[in-house]
Amino acid sequence: MAKNENKELILDVRNLKQYFKIKGGVIVKAVDDISFKIYKGETFGLVGESGSGKSTTGRSIIKLYEPTGGEVYYKGERITVGQHSIDEWKEQIKILKKELKLGKTENAEIIAKLEERIKTASNDNIVKPDLRQSMQMIFQDPMASLNPRMRVIDIIAEGLDVHHLFETEEERKEKVMKLLDLVGLSEDHAYRYPHEFSGGQRQRIGIARALITNPDFIIADEPISALDVSIQAQVVNLLNDLKADFGLTYLFIAHDLSMVHYISDRIAVMHLGRIVELGTSEDINYHPIHPYTRSLLSAIPQPDPDYEHSRKRIDYNKAEVDYYAGTWTEVTPGHFVLGTAEEISKWTSK
Amino acid sequence: MEKLLEVKNLNVTFETHGGTVQAIRDVSFDLHRGETLAVVGESGSGKSVMTKSVMRLLADNGNIKHGEILYHYEDGTIVDIAKLRDGEMHKIRGAEIAMVFQDPMTSLNPTMTIGKQIMEPIMKHQNLSKKDARQKAIELISMVKIDRPTKRMKQYPHEFSGGMRQRIVIAVALACNPNILICDEPTTALDVTIQAQIIDLIKELQQQTKAAVIFITHDLGVVANIADRVAVMYAGKICEIGTSSDVFYTPAHPYTWGLLASKPNTDNLGEKLYSIPGTPPNLLDPPKGDAFALRSNYALELDFEEQPPMFKISDTHYAATWLLHPDAPKVEPPKVVQRRGAKKGVTNNG
Ligand SMILES: Nc1ncnc2c1ncn2[C@@H]1O[C@H](COP(=O)(O)OP(=O)(O)OP(=O)(O)O)[C@@H](O)[C@H]1O
Ligand SMILES: Nc1ncnc2c1ncn2[C@@H]1O[C@H](COP(=O)(O)OP(=O)(O)OP(=O)(O)O)[C@@H](O)[C@H]1O
Ligand SMILES: [Mg+2]
Ligand SMILES: [Mg+2]
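Residues numbered from 1 in each chain as written. Chains lettered and ligands numbered in written order. Predicted model: local features only at pLDDT ≥ 70, side-chain atom pairs only at ≥ 80, totals over all residues. Heavy atoms only, no water.

Caption draft 1: Structural detail: the overall build of chain B. When its secondary structure is counted, chain B shows 13 helices and twelve strands. The C-alpha atoms of chain B give a radius of gyration of 21 Å, which matches the 20 Å a tight globule of 350 residues would have. Each principal axis of the C-alpha atoms in chain B carries an extent, and together these give about 65 × 50 × 45 Å. Intrachain contacts of chain B at a sequence separation of at least 6 include 63% that bridge at least 24 residues. For chain B, the accessible surface area stands at approximately 14,500 Å², while carbon and sulfur atoms represent 51% of it. Side chains of chain B carry 40 positive and 41 negative charges; the gap between the two charge centres is 7 Å. (Helix = DSSP H or I, 4+ residues; strand = E, 2+ residues; numbered from the N terminus. Rg over C-alpha atoms; globule rule 2.2 N^0.38 Å. Contact = heavy atoms within 4.5 Å. Areas by Shrake-Rupley, 256 points an atom, 1.4 Å probe, with all protein chains shown as cover. Lys, Arg positive; Asp, Glu negative; His and termini not counted. Charge placed at Lys NZ, Arg CZ, Asp CG, Glu CD.)

Here is the structure:
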């Protein structure tokens, strides 16, 4: 998107891969070679079917996993280098060294450079405390991510405690109370335990916890799907206000496309570990190209019984599209789709 | 239509440090064979507690204070679940009434393989051999659209995505062909395509088995798709109940109006979403009149003083607001809501 060129880049994900080995030697390619950029102050929506790798993407970015491949840059600094790249460089060094022994003296310099690269890569892979403070995640499963033996006040204040962000006990309490209020909970909730809350209330505790360190970038993994509609509206307004007031940037993972459409500036559509389409909210919602995106849009439920009872869904047959044959193509400025030239001309002519 | 369940004047409380939480306050409704009743309402309004009461799975600090939960067996015998001994309840749970819980991670055992968790209830209630139970479990996994079912049997919950876990929980609930299936937000963790498939699946099974379904969800689009009737809950009470058409096109309670107005649609992109002002009432000390009055622009003086009864609007449609009293002043619902009635049959979202 031309507009983005003079915007500050906050997150740059390059060829990220996250594979998992499961029993029986099977490898699950949860995230398979995805790239995207997020600019300061924007909300970047990530949608896609269950199991397509959305949460894994978020978790890899925030360094809960060691990515298999690719690189992640945060505010211009590299925070992640995939193990694959490091292994590749090591292989190269081996070959170069052999050649060096055989008299290829010019290899010495390249080897030194690669060794330096490996060293900085390992350095970059260390999680630095200021990154923990500046990048926060709101987790998908609120109950599993809240410690059942901690009081709400201590759960929310955890970030303050870890990063020593308060002077007095009074100040700590004040900060927590302010956030409780912000997310629509009351002061007397502070001294209760997670099991005493409803699902939606727990999700708001998770949001307060993520906000307390004054982060710049928030990965919100389905932050509103456990909330009822009226609180969804409150939380979405809240996220938007924080964005306007503090210049926050979001990676917003969700499956409610009408809400993603409403909140996001740009949207990426994931399927089977790949990003199949990326564009502005308008591109994706009104001019979708990839058949998977179209099928997804056709399945959004509308709060209208007559419409719902007569709705026609577009089925998507993934056997017809080979993701490994396709290339990442910019169809109109800023609107990308994964496909072969042939496929894309077929999809766009419809 | 044949009644399966009658809930009469149900009151449920929780003892906490702060006092007694009145989570369910005088709730009554019927459930008929083959129908789907959707339950919507604010977070904390009591949707989960109401259904957990039916399953007699309240937390230790919870009590059914008052009221009846009458279950009609196929042979005509009626039992009051509220007073049933634990031993008898075991026979109902899973076999007659099954429940899909809101938080998939807490209803799956993290240390047990998926296969074992599905086989257990089958072996317990259906007297199948281990071999047959295994076969049935594999069938159930593929029925909820998870690939490689045989391999999946050996995996553990953490190796599944959020949505896949939820589908496993659904498979467990369906294992014994229950007469009543209670689904507590079964699709909130799912993307729209899988959600649509799961909903179709539930509908299909319902057609075959004539089971009744209680479906709790925040997604009004899903409600519009699946529900025959809709109950709207607020602060531990049902404030409106009617057919899907009653509630979506001619809603009568101001809380329902607010709920319907908070959904994003093409009319409000770029605007702040409507969100109901204020916070839900404190259930330690519920207000004496209509609990929603404090947050309503339409409250009458009487709404603050006295609990409105369920006014009958039609044979199918009831709501608890003094606005329905013949002497009440005539008020106009918000424009968005008026448009719904006028636009009946036409979607308002692109
Ligand atoms: N720790 C893990 N070990 C093995 N496999 C995993 C692990 N975490 C995720 N996976 C697999 O990776 C794939 C992507 O999972 P992920 O949780 O990222 O999906 P998602 O897009 O967030 O789905 P949902 O919408 O259901 O939350 C799935 O096939 C899942 O089984
Ligand atoms: N074990 C408990 N102890 C104390 N209070 C409880 C307990 N369980 C539930 N509550 C309270 O009962 C009320 C109803 O909770 P419930 O879980 O039924 O809400 P819900 O309508 O399902 O909300 P959500 O949509 O967020 O899941 C809430 O105010 C909650 O705080
Ligand atoms: Mg996820
Ligand atoms: Mg609930």
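Read on for the rest.
Caption draft 2: Spatial organisation of the interface of chain A and chain B. Facing the 56 residues of chain A at the interface are 66 residues of chain B. With both sides pooled, the region where chain A packs onto chain B buries about 4,800 Å², and carbon together with sulfur makes up 54% of that total. Interface area lost by chain A to chain B is led by Val229(A), Tyr262(A) and Pro303(A), which between them contribute 14%. Linking chain A with chain B are one salt bridge, by the criterion used here. Note that Arg313(A) is salt-bridged to Asp200(B), the shortest N-O span being 2.9 Å. In this structure, the connection of chain A to chain B is made through eight residue pairs in polar contact (both at pLDDT 80 or more). At eight residues, helix α9 (residues 229-246) of chain A tops the list of elements feeding residues into the side of chain A that touches chain B. Residues that form the side of chain A that touches chain B fall into these classes: 22 nonpolar, 19 polar and 15 charged. (Buried area = accessible area lost by both parts, 1.4 Å probe. Salt bridge = Lys/Arg side-chain N within 4 Å of Asp/Glu carboxyl O. Polar contact = N/O pair within 3.5 Å; in protein donor to acceptor, adjacent residues only side chain to side chain. Nonpolar A, V, L, I, M, F, W, Y, C, P; charged D, E, K, R; others polar.)

Caption draft 3: Spatial organisation of the nonpolar core. Core analysis: the largest hydrophobic core is formed by 62 residues, its most contacted members being Ile156(A), Leu180(A), Ile205(A), Phe252(A) and Val269(A). For this core, the element with the most residues is α9(A), which contributes seven residues. Residues within four places of Ile156(A) in sequence aside, it is in contact with Val176(A), Leu180(A), Ile205(A), Ala208(A), Arg209(A) and Ile212(A). Counting residues in hydrophobic clusters, the runner-up holds 59 residues, among them Phe14(B), Leu58(B), Leu84(B) and Ala212(B). (Core = buried A, V, L, I, M, F, W, Y, C linked by side-chain atoms within 4.5 Å. Buried < 20%, exposed > 50% of the residue type's maximum accessible area, 1.4 Å probe, protein only.)

Caption draft 4: Representation of the domain arrangement of chain B in the model. All names here are of chain B. If you check the domain split of chain B, you get domain 1 (3-227) and domain 2 (233-343). The C-alpha centroid of domain 2 is placed 28 Å from the C-alpha centroid of domain 1. Taken as a group, Arg25, Glu42 and Leu220 account for 39% of the area that domain 1 buries against domain 2, more than any other trio of residues on that side. Taken together, domain 1 and domain 2 are joined by one salt bridge. Among the ionic pairs, Glu42 bridges to Arg295, the shortest N-O distance being 2.9 Å. Sorting the residues of the side of domain 1 that touches domain 2 by element identifies β2 (19-32), β3 (36-41), α1 (47-55) and α9 (220-226) as the ones contributing at least two each. Broken down by element, the side of domain 1 that touches domain 2 gets its largest block of residues, eleven residues, from β2. (Domains from an automatic or database assignment.)

Caption draft 5: A look at the site of ligand 1. In the region of ligand 1, 23 residues are neighbours, and Gly51(A), Ser55(A), Thr56(A), Glu159(B) and Gly163(B) sit closest. Near ligand 1, residues from chains A and B are present, making the site a shared one. Here an oxygen atom of ligand 1 and a backbone polar atom of Gly51(A) are 2.7 Å apart. Between ligand 1 and Glu159(B) there is a distance of 2.6 Å, counted from an oxygen atom to a backbone nitrogen or oxygen. Coverage of ligand 1 by the protein amounts to 90% of the 640 Å² it exposes when considered alone. When contributions to the shell around ligand 1 are tallied by element, the ones reaching two or more residues are β2 (27-39) and α1 (54-61) of chain A together with α7 (162-174) of chain B. (Near = heavy atom within 4 Å.)

Caption draft 6: Molecular detail of the site of ligand 2. Around ligand 2, 22 residues are found, and the nearest of them are Gly200(A), Ser43(B), Gly44(B), Ser48(B) and Gln102(B). Residues lining ligand 2 come from chains A and B. Within the backbone of Val49(B), one N or O atom sits 2.8 Å away from an oxygen atom of ligand 2. Between an oxygen atom of ligand 2 and a side-chain N or O atom of His218(B), the distance comes to 3.3 Å. At the level of elements, α8 (199-211) of chain A together with β1 (3-16) and α1 of chain B are the ones that each hand at least two residues to the shell around ligand 2.

Caption draft 7: Representation of the pattern of salt bridges within the structure. Summed over all chains, the structure comprises 30 salt bridges over all chains. For Glu115(A), the salt bridge is made with Lys97(A), and the minimal N-O distance between the two is 3.6 Å. With Glu115(A) in helix α3 (residues 107-124) and Lys97(A) in helix α2 (residues 83-101), the pair connects residues that are 18 residues apart, well separated along the chain. Owing to a relative accessible area of 39%, Glu115(A) belongs among the partly exposed residues under this scheme. Measuring nitrogen to oxygen at the nearest pair gives 3.0 Å for the salt bridge that ties Asp315(B) to Lys312(B). Lys312(B) matches Asp315(B) in its accessibility class, with the two residues each being exposed.

Caption draft 8: Examining the packing of aromatic side chains more closely. Counted according to the given criterion, the structure contains eleven aromatic pairs over all chains. On the numbers, 5.1 Å between centres and 80° between planes, the contact of Tyr234(B) with Phe292(B) is edge-to-face. Taken as a pair, Tyr234(B) in strand β9 (residues 229-234) and Phe292(B) in the loop between α11 (254-261) and α12 (301-305) lie far apart in primary sequence, 58 residues in all. Accessibility assignment for this pair places Tyr234(B) and Phe292(B) in one class, buried. On the basis of an interplanar angle of 85° and a centroid distance of 4.9 Å, the ring pair of Trp257(B) and Tyr298(B) is categorised as edge-to-face. Highlighted residues: Trp257(B) in helix α11 and Tyr298(B) in the loop between α11 and α12, separated in sequence by 41 residues. One aromatic cluster in this structure is built from Tyr234(B), Tyr255(B) and Phe292(B). Positioned over the ring face of Phe166(A) is Arg172(A), at 5.9 Å from the centre of the ring. For Arg192(A), the ring lying beneath its charged end belongs to Phe197(A), and the centroid distance is 5.8 Å. (Phe/Tyr/Trp six-rings, centres within 6.5 Å; stacked < 30°, edge-to-face > 60°. Lys NZ or Arg CZ within 6 Å of the ring centre and 35° of its normal.)

Caption draft 9: Summary view of the side chain of Ser43(B). With respect to the helices and strands, Ser43(B) occurs in the loop between β3 and α1. A distance of 3.4 Å separates a polar side-chain atom of Ser43(B) from the backbone nitrogen of Gln201(A). Excluding residues that lie within four positions of it along the chain, Ser43(B) makes contacts with Ser198(A), Gly200(A), Gln201(A), Arg204(A) and Asp228(A).

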